Number of protein chains: 2
Amino acid sequence: MKQNKHSIFNDIPDEQKSGVVFKNHQLKKKIIKLLDKKGATTINDISKKFNSSSPKVNKLIQELIDEGLIEDLGKAETDVGRRPHLYGLIGDSMYFLGVDLGRNSIEIGLMDFNENPIHFSRDIEFNLENSEKSLLQLCDIINRFIDQNPGWRNKIVRIGVNLSGRVNHLSGYSHNFFNFTKTPLSSILEEKTGVPCFIENDTRARAFYEFYSHKSKDSGNILYINADYGLGLGVLAQGRLLYGKSGYAGEFGHIPFFENEIICICGKKGCLETEVSGRALEKQFKDKLKEGQSSSLQHSFANLENIRMDDIIKAANNDDTLSIELIGVMAEKLGKGITTLIHLYNPELIIFGGALAKSKDHFFLPLQMTVNKYSLSIVRADTQLELSKGTEGAGVLGACYLAKHKVLNPNPS
Amino acid sequence: MKQNKHSIFNDIPDEQKSGVVFKNHQLKKKIIKLLDKKGATTINDISKKFNSSSPKVNKLIQELIDEGLIEDLGKAETDVGRRPHLYGLIGDSMYFLGVDLGRNSIEIGLMDFNENPIHFSRDIEFNLENSEKSLLQLCDIINRFIDQNPGWRNKIVRIGVNLSGRVNHLSGYSHNFFNFTKTPLSSILEEKTGVPCFIENDTRARAFYEFYSHKSKDSGNILYINADYGLGLGVLAQGRLLYGKSGYAGEFGHIPFFENEIICICGKKGCLETEVSGRALEKQFKDKLKEGQSSSLQHSFANLENIRMDDIIKAANNDDTLSIELIGVMAEKLGKGITTLIHLYNPELIIFGGALAKSKDHFFLPLQMTVNKYSLSIVRADTQLELSKGTEGAGVLGACYLAKHKVLNPNPS
DNA sequence: AATAATTAATAAATTATTTTATTAATATAG
DNA sequence: CTATATTAATAAAATAATTTATTAATTATT
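Heads up: these notes are all about the structure in this document. From a predicted model like this one, the values you see are computed outputs, not experimental measurements.

Let us look at the protein's contact with DNA strand D. Contacts to DNA strand D come from 24 residues, most closely from A:K23, A:H85, B:S53, B:K56 and B:K75. At the protein interface, 77% of the atoms of DNA strand D within 4 Å belong to sugar or phosphate. One nitrogen or oxygen atom from the side chain of A:N44 is found 2.9 Å from a phosphate oxygen belonging to DNA strand D. Contact between DNA strand D and B:K75: a phosphate oxygen at 2.4 Å from a side-chain N or O atom of the residue.

Our focus in this paragraph is the protein's contact with DNA strand C. As a structural note, the neighbourhood of DNA strand C is formed by 24 residues, with A:S53, A:K56, A:K75, B:K23 and B:N58 the closest of them. Restricting attention to atoms of DNA strand C within 4 Å of the protein, one finds that 78% of them are sugar or phosphate atoms. Contacts to DNA strand C include A:K56, whose side-chain N or O atom sits 2.3 Å from a phosphate oxygen. A:K75 places a polar side-chain atom, nitrogen or oxygen, 2.5 Å from a phosphate oxygen of DNA strand C. Taken together, the elements giving at least two residues each to the surface near DNA strand C come down to α1 (20-38) and α3 (54-66) of chain A together with α3 (54-66) of chain B.

All right, on to the side chain of A:R158 then. Residues and elements named next belong to chain A. Tracing the chain through its elements places R158 in strand β7 (residues 156-163). Using a relative accessible area of 17% as the deciding quantity, one classes R158 as buried. Here F9 takes part through its backbone oxygen, which lies 3.5 Å from a polar atom of the side chain of R158. The residues touching R158, leaving out its near neighbours within four places in the chain, are F9, Y95, F96, L97, V195, P196, F198, A403, K406 and V407.

Here the focus is empty space enclosed by the protein. All chains considered together, the criterion is met by two cavities of 30 Å³ or more. Volume-wise, the largest cavity comes out at about 60 Å³. Contributing to the lining of the largest cavity are A:A237, A:Q238, A:R240, A:L241, A:L242, B:A237, B:Q238, B:R240 and B:L242. In terms of residue class, the lining of the largest cavity is built from five nonpolar, two polar and two charged.

A few words now on the nonpolar core. A:F252, A:I338, A:F352, B:F252, B:I338 and B:F352 are the most contacted members of the largest nonpolar core, which has 100 residues in total. Discounting residues that sit within four places of it in the chain, A:F352 has contacts with A:I225, A:L334, A:I338, A:A357, A:F363, A:F364, A:L367, A:L385, A:E386, A:L387 and A:S388.

The two copies are related by a screw motion: chain B maps onto chain A through a turn of 180° and a shift of 0.0 Å along the axis, at an RMSD of 0.1 Å. Those values place the two copies in the arrangement expected of a two-fold rotation axis. By residue overlap, the copies meet face to face through one surface: 100% of the interface positions of chain B are interface positions in chain A.

What follows deals with the packing of helix α1 (residues 20-38) of chain B against α3(B). Residue and element names in this part refer to chain B. Close contact between α1 and α3 brings their axes to 11 Å; oriented N to C, the two are set at 75°. If you check the angle between α1 and α3, you find them roughly perpendicular. Together, N24, L27, K28, I31 and I32 of α1 and K56, K59, L60, I61, E63 and L64 of α3 make up the contact between the two elements. A per-class count over the contact of α1 with α3 returns six nonpolar, one polar and four charged.

Turning our attention to the pairing of strand β14 (residues 349-353) of chain B. Within a regular beta strand, the side chains point alternately toward one face of the sheet and then the other, so they alternate between its two faces. Residue and element names in this part refer to chain B. Counting buried positions along β14 yields five of five residues, so the element is predominantly enclosed. Side chains of β14 alternate between two faces, with L349, I351 and G353 and I350 and F352 buried alike. Inspection of the sheet shows strand β11 (residues 222-227) paired to β14 by five bridges, in the parallel sense. Note on β14: the bridge partner recorded for L223 is I350.

Let's shift gears to the pattern of salt bridges. Residue and element names in this part refer to chain A. Taken as a whole and assessed by the stated rule, the structure comprises 36 salt bridges over all chains. Between R122 and E107 there is a salt bridge, and its shortest N-O distance comes to 2.6 Å. Taken as a pair, R122 in strand β6 (residues 117-125) and E107 in strand β5 (residues 105-112) lie far apart in primary sequence, 15 residues in all. You can call R122 partly exposed: its relative accessible area is 40%. Taking relative accessible area as the criterion, E107 reaches 16% and is therefore assigned buried. Within this structure, K28, E63 and E67 form a network of salt bridges that share partners.

This paragraph deals with the interface of chain B and chain A. On the chain A side, the residues contacting the 51 residues of chain B number 51 residues. Around 4,200 Å² of area is buried between chain B and chain A when both sides are counted, 55% of it from carbon and sulfur atoms. When the buried surface of chain B facing chain A is broken down by residue, B:N51, B:Q238 and B:L344 rank first, second and third, together holding 17% of it. In this structure, the connection of chain B to chain A is made through two salt bridges. Between A:E259 and B:K336 there is a salt bridge, with its nearest N and O atoms 2.6 Å apart. One can count 34 residue pairs in polar contact (both at pLDDT 80 or more) joining chain B with chain A. Contributing elements (two or more residues each) for the side of chain B that touches chain A: α1, β12 (231-237), β13 (240-241), α10 (321-345), α11 (360-374) and α12 (377-380) of chain B.

Cut-offs and rules
Residues numbered from 1 in each chain as written. Chains lettered and ligands numbered in written order. Predicted model: local features only at pLDDT ≥ 70, side-chain atom pairs only at ≥ 80, totals over all residues. Heavy atoms only, no water. Near = heavy atom within 4 Å. Polar contact = N/O pair within 3.5 Å; in protein donor to acceptor, adjacent residues only side chain to side chain. Helix = DSSP H or I, 4+ residues; strand = E, 2+ residues; numbered from the N terminus. Buried < 20%, exposed > 50% of the residue type's maximum accessible area, 1.4 Å probe, protein only. Contact = heavy atoms within 4.5 Å. 1 Å grid on protein atoms, 1.4 Å probe; cavity = no way out; pocket = protein on both sides within 12 Å on 5 of 7 lines; lining within 4 Å. Points joined across faces, edges and corners; volume = space filled by probe spheres on them. Nonpolar A, V, L, I, M, F, W, Y, C, P; charged D, E, K, R; others polar. Core = buried A, V, L, I, M, F, W, Y, C linked by side-chain atoms within 4.5 Å. Least-squares fit on C-alpha atoms with pLDDT ≥ 70 in both. Axes fitted to C-alpha atoms, helices over the stretch in contact; angles between N-to-C directions. Parallel < 35°, antiparallel > 145°, perpendicular 65-115°, else oblique. Pairing = 2+ DSSP bridges. Salt bridge = Lys/Arg side-chain N within 4 Å of Asp/Glu carboxyl O. Buried area = accessible area lost by both parts, 1.4 Å probe.

Don't take any of this as a statement about function, it's just geometry.
Below you can see the structure in the form of structure tokens.
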């Protein structure tokens, strides 16, 4: 495959690992990271920040300009003295590609360094199977997306691919899909596309989108609850995604929470998910109808078994009393679970997303009430609760943001 | 106060922040960190590790020898070629001081860079009050400890002080004690002793001792449960102590867990601690006696109200059936809580300490059974459960280890 | 036992970086 | 409108680092 032009974020050869070339390379990366964080910056500020002389920084800046990565943004406004030049990233110089694998479709998106969307394709037909054929099809779809525009391939510096199930982001192995080769999945993708790739769990990628796109992220302790058909959790602790020993951290849906007899999809009984999830909501709704309770949905469905989570949520938003009640009770139960999370992670923010969060206040108000009831006020005071805006393509965006994050922070998570 | 001689871990003046002096200083610190981690190392290995030339490393090594921090350990064994010299830290060149504040006593310990104990003083009389007098007394005790040996003061590079309650390790403010000044507590201690100081929550310091002294700490995801009069938790997530937004992370004892009517010391009802803690055990034990159940302890106590947690644990270890039963039931309840922790943190190890853990198998076996019963086997498989060895002076040792850790890792937590 | 092969340490040569001095650009005061 | 003060950028000088060549130390081999 074609080699990416932008070597700045590719590893440099081993023989150069010692010496000046390597150190200049490192410093250039640091400069780019700084410009990304702070925006337009002067040579003096950069040289102070990195304890490097201004002639040295000047030289590297000139090289970065020649490489097409940064540009001179003119002079800064100052009160006195000669005005320094400002330098900033050329957002269009580098791209990130995000891929979100669903069961029956793929979504792909391209984002530039300034986080502007370049192009998105939704609902690309794809049959996810644990087979080599399916994997090759995936690579083909990605390559065809990239080749839509001849200028793109050379600009893409990293590709992130979201998969459901257990994913080892460090080794690049997926546990549930494409696990038939000795080579890590990420390496195969890399070989087929010619661009460095990584894989990530889809809920965590979505969570990362929420974390990254949110304004207030002071201390970096944020939780994202995905209340959908299942119940997922993504954790950002002290600025880093939490994985735990093998990537299971945040298995919120399966903590033992109820003394009930409902068997969870995980095989255990009493999991939080057995009573708090879209799946549980469907079950509870149908049970109530069988018990003789009424709902506006009865008119729309000939066969009540066809009622789905989304229908119930829509009904609640159209004032269906039974739906509102069930969602409210569920939110109260979730609130107690959230209190546990607040005490264990002491987050500054919890964001609620997924289908259930779409029922807005019917879900959010009882949730908040319960959290207030059960939590220590001194701990609770730290934590802000928020509904997700439910942005389309959060998964793909999360993969793109993660790609950018990994490019700028190669060492830790 | 006398200034510490070892400037290597003190911040260098601002005017030197640019330039060669600063960079050499940084590289020397990196060398010391490497020697601490890897033990005896050659100049070539160091220069490769840090992308620095061997003449440069050679020069810095000579300087470090002159400063008395490292020593030439003779030649390495090699198969072929000239044998390189090995260099290693002089453990005795730098000390760490740990201070553990109890309600009525202080414990102080001194440890060298190789983690050898130098001197420990237990049960120093001290009355902890939120007053300036009490604070001055504390400083006096610390200074008197240091002055026991005229050679110590100059060798101590950092002092760690453990306090109960909420502690901000970053700002240096304590929430519950010595909170009457605008100056952070850590700065006051620093001024009075002439050595850089930090403060930390006592449970977290204890937890850090357990993490640091344990052999297997691969991925750095470890929990420490302090099952004592209260119920505490210390979390090491991805190699870093977990604090959360304001240092409340790990408030395990106060998660809403029971539908009971017992008012917790925190003011809420239903907290895990209301039924799982030494405090709860005392209450339950006395209630059972009042209900007419019998125990061997009835013979030893004229007034049954004087029975304490430690007596019940001792009784259990001497085959007292009632004590064993109560501890067993408590361990089962804790097991369910532990399962929640396993699902949320996916740790590789959980260590159980505190007084309750001293009842060994009476506590540990029912605990393990319950964890196995409630947890997802695939997540559970990652987690090893262990009883703490219950080392004397774990708090002071934790403060010393933390001091060393902070000296070697100044940037993150 | 002498020699070749190998690697470490050091010295010398080369290259790179920083420091300083100089020139350029800009605002303010007289 | 010019002089002065102030800061940026650049050039020159000084310093420091790396690279290379050389010498030293060591094992295996002839």
